[in-house]
Every structure is written in C-alpha cells, then in structure tokens.
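# Topology and contacts: notes
Residues per chain are reported as follows:
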Amino acid sequence: QAEDGWAKVVGMEEEDLLTKYTSSFHWGIAMMNGETLREPSNDLERVYACCLLPLCFLISAFFVSSITTSMTRLATILHEHSSRFAILRRFLENNRIPSNLAAQIVRNAQHSFLESKRFDPESSIEMLQYVSDSLVGDMHFQMYMQYFERSDL
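All of the points below concern the structure found in this document.

What counts, and where the lines are drawn
Residues numbered from 1 in each chain as written. Predicted model: local features only at pLDDT ≥ 70, side-chain atom pairs only at ≥ 80, totals over all residues. Heavy atoms only, no water. Helix = DSSP H or I, 4+ residues; strand = E, 2+ residues; numbered from the N terminus. Core = buried A, V, L, I, M, F, W, Y, C linked by side-chain atoms within 4.5 Å. Buried < 20%, exposed > 50% of the residue type's maximum accessible area, 1.4 Å probe, protein only. Axes fitted to C-alpha atoms, helices over the stretch in contact; angles between N-to-C directions. Parallel < 35°, antiparallel > 145°, perpendicular 65-115°, else oblique. Left-handed = near helix turned anticlockwise from the far one by under 90°. Contact = heavy atoms within 4.5 Å. Nonpolar A, V, L, I, M, F, W, Y, C, P; charged D, E, K, R; others polar. Phe/Tyr/Trp six-rings, centres within 6.5 Å; stacked < 30°, edge-to-face > 60°. Patch = residues over 30% accessible without salt bridge, like charges linked within 9 Å, V, L, I, M, F, W, Y side chains within 5 Å. Areas by Shrake-Rupley, 256 points an atom, 1.4 Å probe, with all protein chains shown as cover. Salt bridge = Lys/Arg side-chain N within 4 Å of Asp/Glu carboxyl O.

## Observations regarding the environment of Cys50
- In this fold, Cys50 is placed in helix H3 (residues 43–94).
- The spacing of Cys50 and Met31 is 19 residues in sequence and 9.8 Å in space, taken between C-alpha atoms.

## What to know about the nonpolar core
- Counting five residues, the largest nonpolar core is built from Trp27, Met31, Ala49, Leu52 and Cys56.
- Sorting the residues of this core by element identifies helix H2 (17–32) and H3 as the ones contributing at least two each.
- The element that contributes the greatest number of residues to this core is H3, accounting for three residues.

## A look at the packing of H2 against H3
- As a packed pair, H2 and H3 sit with axes 8 Å apart at the nearest point and diverge in direction by 55 degrees. Judged by the inter-axis angle, H2 sits oblique to H3. Every pair of crossing elements has a handedness; the one defined by H2 and H3 is right-handed. On H3, the residues touching Trp27, Gly28, Met31 and Met32 of H2 are Tyr48, Ala49, Leu52, Leu53 and Cys56.
- The class makeup of the residues in the contact of H2 with H3 is eight nonpolar, one polar and no charged.

## Remarks on the packing of aromatic side chains
- Counted by the stated rule, this structure contains three aromatic pairs.
- Geometrically, the ring pair formed by Phe85 and Phe113 is edge-to-face, given 6.1 Å between the ring centres and 90 degrees between the ring planes. With a gap of 28 residues between them, Phe85 in helix H3 and Phe113 in helix H4 (residues 99–118) connect regions that are remote in the sequence.

## Examining a nonpolar patch on the surface
- The grouping of Tyr21, Phe25, Ile29, Met32, Leu55, Ile59, Phe62 and Phe63 at the surface amounts to a nonpolar patch, some 840 Å² of accessible area in total.
- Listing elements by their share of the nonpolar patch, those giving two or more residues are H2 and H3.
- Position of Leu55 relative to the elements: it lies in helix H3.
- The partly exposed category is assigned to Leu55, whose relative accessible area is 47%.

Printed below as a string of structure tokens:
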C-alpha cells in the first residue's frame, strides 16, 4: 500500500516537512554507499531504491573517472615540461657549458616559458578570427588605452 510509506512505518508521519526531508536526504546519501538505514516498506519504495542504487553508482563512477582523467592530463603536461628542460640541461652539459652559465640559461628559459604561458599572443587565440573588425578594434583600444593615457602626446 502506498499509504503505508516509510514515514508511517518509522513513525515520522506527524513530523514536520524539514524533518521528513532531511531524513529522506540522509537515506539517499546512505543509499549511494549501498547502506540501507531504512528498509523500503512498499513496492513503490523498493522500485525507487532499486533505481537509485545503480544511478548513484554511475554518478560516483563518473566523478572518479573525471578526477582520474584530470590527474592523468596534469601528469602528462608536467612530464612534457620536465622532459623539455631535461633535454636543455643535457644539451648544455654535453657541450661543456659552465654550470653558472647553464643555470642562467635554464632560469631564463623557465622565465620565458612561464611568461609565454601567462600571456597568449593574440594570433594564438583562434576564436578572435570570428569576431568583427570593429569589435577587435574596440578590444585593441581597451588593451592599449593605458599606454596612450601615460604618453605626453
């Protein structure tokens, strides 16, 4: 019977809406872990529980796979970055560049590399080719206005 739902079975029928809601939410979170705080008391609740468990499993699998993918991408980027600098260091060592000069070269390469990542040149922004010339002109005005304000022209 639908009238004999979980609220009636556990004696929460007379509780306020907030109490029922938080209890239901708590049950839903527990279901995500496969734990049953309250057994379904009728067929409708059993069907709901049977649908919720696989859905919660899929949602948690999605989050885990998203985090794993992000971590793998980060590891790949860091590996590429460190291998580029390892090649530079090996080149400097193989050509017997003094260590103080080699350190300066590596530091300069690191600084230039970080600056190039921080400021993308306009030509590398692919979507700007689809923007109208007048809007690009307005963008340039806003970008370079600070230099005009400082000059004594």
